[in-house]
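Each chain, written out:
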Amino acid sequence: MSAWRKPFQGRSAGAASGVLRGMATLAMGAGLARLISVAAIPLLTRLYRPEDYGVLSVFTSIVLMLVPLLTLRYAVAIPLPRHDGLAINLMALSALLMIGMSGVAGLVLWAFAPALLTFVSMAALAPYWWVIVLGLVGSGSYELLSMWATRRRAYHLIARTQLFQSVVGALVKIALGLLAFGPLGLLLGQVVAQSGGSGSLVARFQADFRRTVALLSRRRMGFLARYYRGFPVYRLPSQFLMVFSMQAPLLFTAALFGAETTGQLGLALMALALPVNILGQAIGKAYFAEVAQLSRRAPRQILEITSFVQKRLFALGIPPALVILFWGPDLFRLLFGEVWLTAGTFASILAISIVVQFTSAPLVQVLNVFDGQRLFLAINVARTIMLVALFSIFRSAAFSAVHFVMAYSALMTLFYLAITWLVIRFLVVQSARQGAAVAAQVAVKG
């Protein structure tokens, strides 16, 4: 058993320059993908109704909340082992879990979809329960393969698949909208936008998989399941609560104000979240790849990289946020049509909170390196409690949707600022502890 633990003792590689190169590669592909997605929205908003976007918003929320459950978050650990033999066993363990959990989700939705979706005022989504299962399998498969690509630092390939997802997803939505498929067109296009490119990842790493398949064994998978048990025990509920918290405004809006208002807020969040979901995830993958290489034995270097990344993220996020803040309603009315003016108002209110989310989201990857799963869980429990309290207040009082979005934006701005401070403080403390330990060793030797 001790021999198996040696590969986990970390590697001293990577630095801020490595993050910058990875960020540049991923950001270039992600930027093109974002431009394509943004360019498609004005046409899509003229092909689909706000109610259709309401169905899409709830569908996306459900898929995003369930995907973390599929692999019990073992997939996140794929970049961490030193040797590919251990990593491929993590991959296989995650794949088996994904297949089993997807089957369970399919059975539950087949039997109870109408009752479950009516609970969030989305009975219109019930006939498309099978698309939810399709989205889960596609998104889960892409996550597994992209984590292997992250392990290999194949940033160019990740960027290429993101571009493919945006192009083909937009084309599917447009084509099915012209054919009057209704909300089903948006749903199928979203499945492609979340899972496309998996085939190219399989082809690229086929040699890796063939080379390591002989190393698969139930014994190793069992060892890895125990070794990384912090991921299902702490990371899984943390991830679920995190995604739930991010999707909560749409689910709560559907319950409080109906499908049309949910569609308006969904478009606002989608337009604002494009740089967060694409650029933020791309930067997060590059950042995680580099800090995972450094390991917990180099907190000072990780702190330097984190400060470096944080400054660039603020420089990237603030200018567009100011544009949306001051001219959001006019821009949405011009680009998407008069019917989407409310979405522009929502976007203007949310602009600052989205920037703070964009800058803080990649930093929580530090907790994976330092096995800070309990802290991550505490963070997401706190956010969930705050959002449920907010929902309870608005459910019991006659506030408008605008007031709800304003309260949510203010709450999330404070929350993400606190996360940034917490991660930086965590690294400062780890660096100080390391410095004290080194000083003590020097004193003993002296």
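Everything numeric in this text was worked out from a predicted model, so none of it was measured.

Chemist: So what's going on with the packing of aromatic side chains? Which residues, and what values?
Modeler: Per the stated rule, a full pass over the model turns up 13 aromatic pairs. A ring pair is formed by F244 and F252, whose centres lie 6.1 Å apart and whose planes are at 80°; its orientation type is edge-to-face. We note that F244, like F252, is buried. Each ring, one from F415 and one from Y416, has its centre 5.4 Å from the other, and the planes form 75°; the classification is edge-to-face. Exposure class is identical for F415 and Y416. Each is buried. The rings of F223, Y227, Y228 and F231 are connected pair by pair, giving a single aromatic cluster. The ring centre of W148 lies 5.9 Å from the NZ or CZ of R151, which sits over that ring.

Chemist: Got a sec to walk through the nonpolar core? Specific residues and values, please.
Modeler: Counting 125 residues, the largest nonpolar core has F59, L125 and I302 as its most contacted members. Counting residues per element, this core draws most heavily on helix α4 (residues 84-118), which supplies 12 residues. In contact with L125, other than residues within four places in its own chain, are V55, V58, F59, I62, L117, I132 and L187.

Chemist: Outline the packing of helix α13 (residues 299-336) against helix α14 (residues 341-360), supporting the account with residue identities and numerical values.
Modeler: At their nearest, the axes of α13 and α14 sit 7 Å apart, and the two run at 175° to each other. It follows from the interaxial angle that α13 and α14 lie roughly antiparallel.

What counts as what
Residues numbered from 1 in each chain as written. Predicted model: local features only at pLDDT ≥ 70, side-chain atom pairs only at ≥ 80, totals over all residues. Heavy atoms only, no water. Phe/Tyr/Trp six-rings, centres within 6.5 Å; stacked < 30°, edge-to-face > 60°. Buried < 20%, exposed > 50% of the residue type's maximum accessible area, 1.4 Å probe, protein only. Lys NZ or Arg CZ within 6 Å of the ring centre and 35° of its normal. Core = buried A, V, L, I, M, F, W, Y, C linked by side-chain atoms within 4.5 Å. Helix = DSSP H or I, 4+ residues; strand = E, 2+ residues; numbered from the N terminus. Contact = heavy atoms within 4.5 Å. Axes fitted to C-alpha atoms, helices over the stretch in contact; angles between N-to-C directions. Parallel < 35°, antiparallel > 145°, perpendicular 65-115°, else oblique.

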